Structure formats: structure tokens, C-alpha cells
Amino acid sequence: RRLRKEHCSILATFPTYQLLRPRNHPSILVKMQRDASAEHVAKQMKHEALLYKKLAGNPATEEAVARYYGYSENLGVSVLCLSKEGPTFEEIGLDNLSDELKASALDCLRQLGMAGILHNDVTSPNSFAQSKSDPNKAKIVKLRKATFCQDRDLLNEEVERLAYILGL
């Protein structure tokens, strides 16, 4: 079936994209580009989709990142579909995160690093969310700035930076 914006609830609106939830599929999050002429946004979203696709089906990262359902440009704008997880760390508030949830976020970042991906945006609290299936587990829900990387020192520095941000 074709996605129709009028059959979705708007969860959030940002300058370059909107987050939508299809009313008949509440477990799916749709990230939709707002302006078809913004080629840099389309390029970022396509790159993000490529990373999610690379991680899809990888047992090492399955529990670390939101599930990837697909990417399309059929509506004239970029559309990325992922699993809808729980509230982001920004919505929860960094001071309200349990130590277990914080430790889980570090594990997610380590697993991403083992898959050869540097997140590059750990300072953004909306990059992580509480897992919908286990409130004591975190999930990475944003890979917009992520890059492929094999430099273990950079990957380890990123984990240390997140630990500092989270107060661990």
C-alpha cells in the first residue's frame, strides 16, 4: 500500500523533515523530507538509509539500532521508515535516565563501532531512545551524521565522549 500523509499523525516537525506515524501501523516511524528542492537533505537521508540497510539483519547491531523498513523517493521526497521506539533521551531528560539505560546506550555505540560505523552525533540527546520492547535498553534512532570508520581510536573516543555526557 502507498503511504499517504493524510493517513499519518505528525509526531514532530523540524526545518528539513517531519516525523510521522501511520495510523494503521503505529509501530513504524516515517521520516519524510519537507522540501523536495533541498537536495542536501535528500542526500543525507539517502546516506542514513544506506547505513541502516547495512546494519539490517546484522545480529551484532540488531538490538542496538532501530529496525530499518525501507527508503523511498517515490513521493518526490526522501522517505525513511524505521521502527518507532520509545521516548528519546531528550524527551526523558538526561538527568532522569537510569544508569542501566545509560550503560545500554554505551553498549549500542560500541556495537555500532564494531560494525565499522562512527556515529558522529553523540552530543545530540535525540540520537538515542528507550527501546519500546525493554525500557531498560537503549536504541540508536538517528544515524544522520554517521560515517563508515575503521579507526578504533576514534570509535573508542566516541564511546568515552558519550560516557562523559551521560555522567558515567
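Residues numbered from 1 in each chain as written. Predicted model: local features only at pLDDT ≥ 70, side-chain atom pairs only at ≥ 80, totals over all residues. Heavy atoms only, no water.

*Asks:* What should I look at first to understand the pairing of strand 2 (residues 17–22) in this one?
*Replies:* Along a regular strand, successive side chains alternate from one face of the sheet to the other. Burial analysis of strand 2 places 5 of its 6 residues in the buried class, which makes it a mostly covered element. Sheet topology places strand 1 (residues 8–13) next to strand 2; 5 bridges connect them, and they run antiparallel. By the bridge assignment for strand 2, Thr13 is matched with Gln18. Inspection of the sheet shows strand 2 paired to strand 3 (residues 28–33) by 4 bridges, in the antiparallel sense. Bridging across to strand 3, Leu19 finds its partner in Lys31. Where strand 2 hands over to strand 3, the hairpin turn is made up of 5 residues, counted between the paired strands. (Buried < 20%, exposed > 50% of the residue type's maximum accessible area, 1.4 Å probe, protein only. Helix = DSSP H or I, 4+ residues; strand = E, 2+ residues; numbered from the N terminus. Pairing = 2+ DSSP bridges.)

*Asks:* What is the right way to look at the sheet that holds strand 4 (residues 68–72) in this model?
*Replies:* Hydrogen bonds along the backbone pair up the strands of a sheet, which may run parallel or antiparallel. If you walk across this open sheet you meet the 5 strands as 1-2-3-5-4, and the pairing is antiparallel. Of all the strands in the sheet, just strand 1 and strand 4 have a single pairing partner and so form its edges. Sheet twist, expressed as the mean angle between neighbouring strand axes with direction ignored, is 20°. (Axes fitted to C-alpha atoms, helices over the stretch in contact; angles between N-to-C directions.)

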